[in-house]
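So the chains spell out like this:
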2 protein chains.
Amino acid sequence: MERTGGEVSLRYALLALLTSQPLTGYDVFKQFEQSVGYVWHAPDSQIYPELRRMEKDGLLRGVEEAWGKKGKKKRYHITPEGVEAFRAWINTTLDYTRERDPVHLKAAYLEWAEPEAARTQMQAHIAYHSSRAQQWQEMIAALEDRSNPILATRLEAAPEADRAKIAGYKIFTYEGMIERANAEIHWARHGLELIDKLES
Amino acid sequence: MERTGGEVSLRYALLALLTSQPLTGYDVFKQFEQSVGYVWHAPDSQIYPELRRMEKDGLLRGVEEAWGKKGKKKRYHITPEGVEAFRAWINTTLDYTRERDPVHLKAAYLEWAEPEAARTQMQAHIAYHSSRAQQWQEMIAALEDRSNPILATRLEAAPEADRAKIAGYKIFTYEGMIERANAEIHWARHGLELIDKLES
DNA sequence: ACAGCGTAACTATGAACATAGTTAGTTGAC
DNA sequence: GTCAACTAACTATGTTCATAGTTACGCTGT
């Protein structure tokens, strides 16, 4: 069985973060949660071993630092090979395969549900996406006024000419997520009406 | 480590299919591809062992049938326990955890891409979701005029009073997927404009 | 008579993920 | 001075998923 070239997105999510600055595993995990993690969730138990694998593959270089009297921690620097790998990934068009959507799976068989459970599901869908949409709206605001600290660090390290692009694409990403959330909310509201109509 | 109760959606996707009629493994796989598979993709290599596990867990009962002179196949019937498990799942509100979206991950770092690669990605996104939207539109038409064979079988086995619900929720599901696809298309078009603006 | 295609069912392998821990140092409040 | 909360890094285990096979039957056309 062969390794299939172009997938493994956690790896690229981590590279994305490390293009900005060198970080320790714990730093990576913490920053991940507040940035890339919104589009690609991963627990620390997946991040630590992946960082080690990436070091082994030459994409990162780990520099050990003392921590306290006995402890030590490793700060990961992206290597030129790492930058190259990231660039190659970003220039490759993604293929669209897996479709895995529990909510729509459930929606398709809602005739099996208690009407109240069906309504609760739709309300939970609305609540979830509303809260996300709001969160992203705040994120966009913080990106626009440059008060987002992770963005600020990234911008500092980047040439002036690239700064509009860096911020612009991040805002664009969150805008897309808001659009999607709004579509979900609209759909679920329609679902509530449908439940009222069908379960009478 | 314990088995964590309420997840494992492939199992419920299979139960959903088998609430309508008993099917052999191969039938399941084929029908899956044309119905539930649109919201929950799974290869046959995952379906066969899962069916066996479900039989072991008492959710299905497999009845062996002769096939040719030597061959045999197994037709899976849903058991009352299976129906109960499905009903329990559908009445449980899903929890929203994993967020894993390679396109938005990539979008957030598009400043690293060649402008042409960025455009190609957005165009691929539009093409993919356009084709899906069209496919679902056709699916809705076939559900509305009852010409979809999988739906027809399901409706035959169901009491008259449930038929509007059964069809209605399936149409609702595909409507949601169209809405989402349209949001993606709209976003990607905005992306193309943004690329033109930023990469000049 | 056999080639080609579709049906049917299964196996093997590894990677990715989720869940749930453990160990140990650091900082600040009471 | 000790306890809680946080930082830091890691381990263990099982499940899910993807990829890529294999084996064998049955029907249709030449």
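Residues numbered from 1 in each chain as written. Chains lettered and ligands numbered in written order. Predicted model: local features only at pLDDT ≥ 70, side-chain atom pairs only at ≥ 80, totals over all residues. Heavy atoms only, no water.

(A) Here's a closer look at the overall build of chain A. Across its full length, chain A holds eight helices and three strands. Listing each helix as α and each strand as β along chain A from the N terminus yields α-β-α-α-β-β-α-α-α-α-α. Expected size for 200 residues packed as a compact globule is a radius of gyration near 16 Å; at 21 Å, chain A overshoots this value by more than 25%. With the principal axes as the frame, chain A shows a C-alpha extent of 65 × 45 × 40 Å. Per element, the accessible surface of chain A, about 10,000 Å² overall, is 52% carbon and sulfur. Here chain A carries 27 positive and 30 negative side-chain charges, and the mean point of each set is 8 Å from the other. (Helix = DSSP H or I, 4+ residues; strand = E, 2+ residues; numbered from the N terminus. Rg over C-alpha atoms; globule rule 2.2 N^0.38 Å. Areas by Shrake-Rupley, 256 points an atom, 1.4 Å probe, with all protein chains shown as cover. Lys, Arg positive; Asp, Glu negative; His and termini not counted. Charge placed at Lys NZ, Arg CZ, Asp CG, Glu CD.)

(B) Expanded view of the relation of the copies chain B and chain A. Superposition of chain B onto chain A requires a rotation of 180° combined with a translation of 0.0 Å along the rotation axis, giving an RMSD of 0.1 Å. Taken together, the rotation and translation relating the two chain copies correspond to the operation of a two-fold axis. Both copies share a contact surface, since 100% of the interface residues of chain B are interface residues in chain A too. (Least-squares fit on C-alpha atoms with pLDDT ≥ 70 in both. Contact = heavy atoms within 4.5 Å.)

(C) Looking closely at the nonpolar core. Counting residues in hydrophobic clusters, the biggest one holds 63 residues, and the most contacted among them are Tyr109(A), Phe32(B) and Phe86(B). In terms of residue count, helix 8 (residues 160–198) of chain B provides more of this core than any other element does, nine residues in total. The next biggest cluster of nonpolar side chains, apart from the first, holds 62 residues, and it includes Phe32(A), Tyr38(A), Leu51(A) and Ala113(B). (Core = buried A, V, L, I, M, F, W, Y, C linked by side-chain atoms within 4.5 Å. Buried < 20%, exposed > 50% of the residue type's maximum accessible area, 1.4 Å probe, protein only.)

(D) Broad picture of the pattern of salt bridges. Scanning the model with the defined rule gives 30 salt bridges over all chains in all. Across the pair Glu50(A) and Arg53(A) runs a salt bridge whose closest N-O atoms are separated by 2.4 Å. In this pair, Glu50(A) and Arg53(A) are both assigned in helix 3 (residues 44–56), three residues apart and thus about one turn of the helix distant. Between Glu199(B) and Lys165(A) there is a salt bridge whose closest N-O contact spans 3.1 Å. Taken together, the positions of Glu199(B) in the segment after helix 8 and Lys165(A) in helix 8 (residues 163–198) put the pair across two chains. Residue Glu199(B) is classed as buried on the basis of its relative accessible area, which comes to 15%. Residue classification places Lys165(A) among the buried positions, given a relative accessible area of 14%. The network of salt bridges with shared partners includes Arg11(A), Glu50(A), Arg53(A) and Asp57(A). (Salt bridge = Lys/Arg side-chain N within 4 Å of Asp/Glu carboxyl O.)

(E) Structural detail: the interface of chain B and chain A. With 69 residues of chain B at the interface, the matching set in chain A holds 69 residues. Across the interface of chain B and chain A, roughly 7,200 Å² is buried in total on both sides, 62% from carbon and sulfur atoms. The largest per-residue losses of area from chain B upon contact with chain A belong to Tyr96(B), Trp112(B) and Tyr169(B), which jointly make up 12% of the total buried on that side. Along the contact surface separating chain B from chain A lie ten salt bridges. Between Lys170(A) and Glu111(B) there is a salt bridge, with its nearest N and O atoms 3.1 Å apart. (Buried area = accessible area lost by both parts, 1.4 Å probe.)

(F) Inspection of the side chain of Glu184(B) at higher detail. Mapped onto the elements, Glu184(B) comes out in helix 8. In this structure Glu184(B) comes out as buried when scored by relative accessible area, which is 2%. Excluding its chain neighbours within four sequence positions, the residues that come into contact with Glu184(B) are Arg180(A), His104(B), His125(B) and His129(B).

(G) Unusual backbone geometry, seen in detail. For Arg146(A), which is not a glycine, the phi torsion comes out positive at approximately 60°. Counting through the fold element by element, Arg146(A) comes out in the loop between helix 6 (115–144) and helix 7 (149–157).

(H) Quick look at the domain arrangement of chain A. Residues and elements named next belong to chain A. Taken domain by domain, chain A holds domain 1 (9–90) and domain 2 (102–198). In this assembly, ten residues from domain 1 lie in contact with eleven residues from domain 2. Both sides of the domain 1 and domain 2 interface together cover about 820 Å² of buried area, and 56% of this is carbon and sulfur. For domain 1, the biggest contributors to the area lost against domain 2 are Ser20, Tyr38 and Val39; these three give 59% of the whole. Looking at the side of domain 1 that touches domain 2 residue by residue, the class counts come to four nonpolar, six polar and no charged. (Domains from an automatic or database assignment. Nonpolar A, V, L, I, M, F, W, Y, C, P; charged D, E, K, R; others polar.)

(I) Spotlight on the layout of surface pockets. Put simply, the largest pocket is a space of about 1,600 Å³. Looking at the lining of the largest pocket element by element, the count peaks at five residues for helix 6 (residues 115–144) of chain B. Residues of the lining of the largest pocket, tallied by class, amount to 23 nonpolar, nine polar and 17 charged. Space inside the second largest pocket adds up to approximately 240 Å³. Forming the boundary of the second largest pocket are 13 residues, of which Ala158(A), Asp162(A), Ile166(A), Glu111(B) and Trp112(B) lie nearest the centre. Breaking the lining of the second largest pocket down by element, the ones donating at least two residues are helix 7 and helix 8 of chain A. (1 Å grid on protein atoms, 1.4 Å probe; cavity = no way out; pocket = protein on both sides within 12 Å on 5 of 7 lines; lining within 4 Å. Points joined across faces, edges and corners; volume = space filled by probe spheres on them.)

(J) Looking closely at helix 7 (residues 149–157) of chain B. Residues and elements named next belong to chain B. Every buried residue belonging to helix 7 is among Ile150, Leu151, Arg154 and Leu155, and all of these are buried. End-on view of helix 7: buried residues confined to an arc of 130°, all on one side of the axis. When the buried face of helix 7 is taken as reference, the exposed residues oriented beyond 90 degrees from it are Pro149, Glu156 and Ala157. Looking at the buried residues of helix 7, the elements they touch are helix 1 (9–18), helix 2 (25–34), helix 6 and helix 8. Where helix 7 begins, the side chain of Asn148 points an oxygen toward the backbone nitrogen of Ile150, at a separation of 3.0 Å. (Arc of directions from axis to C-beta. Polar contact = N/O pair within 3.5 Å; in protein donor to acceptor, adjacent residues only side chain to side chain.)

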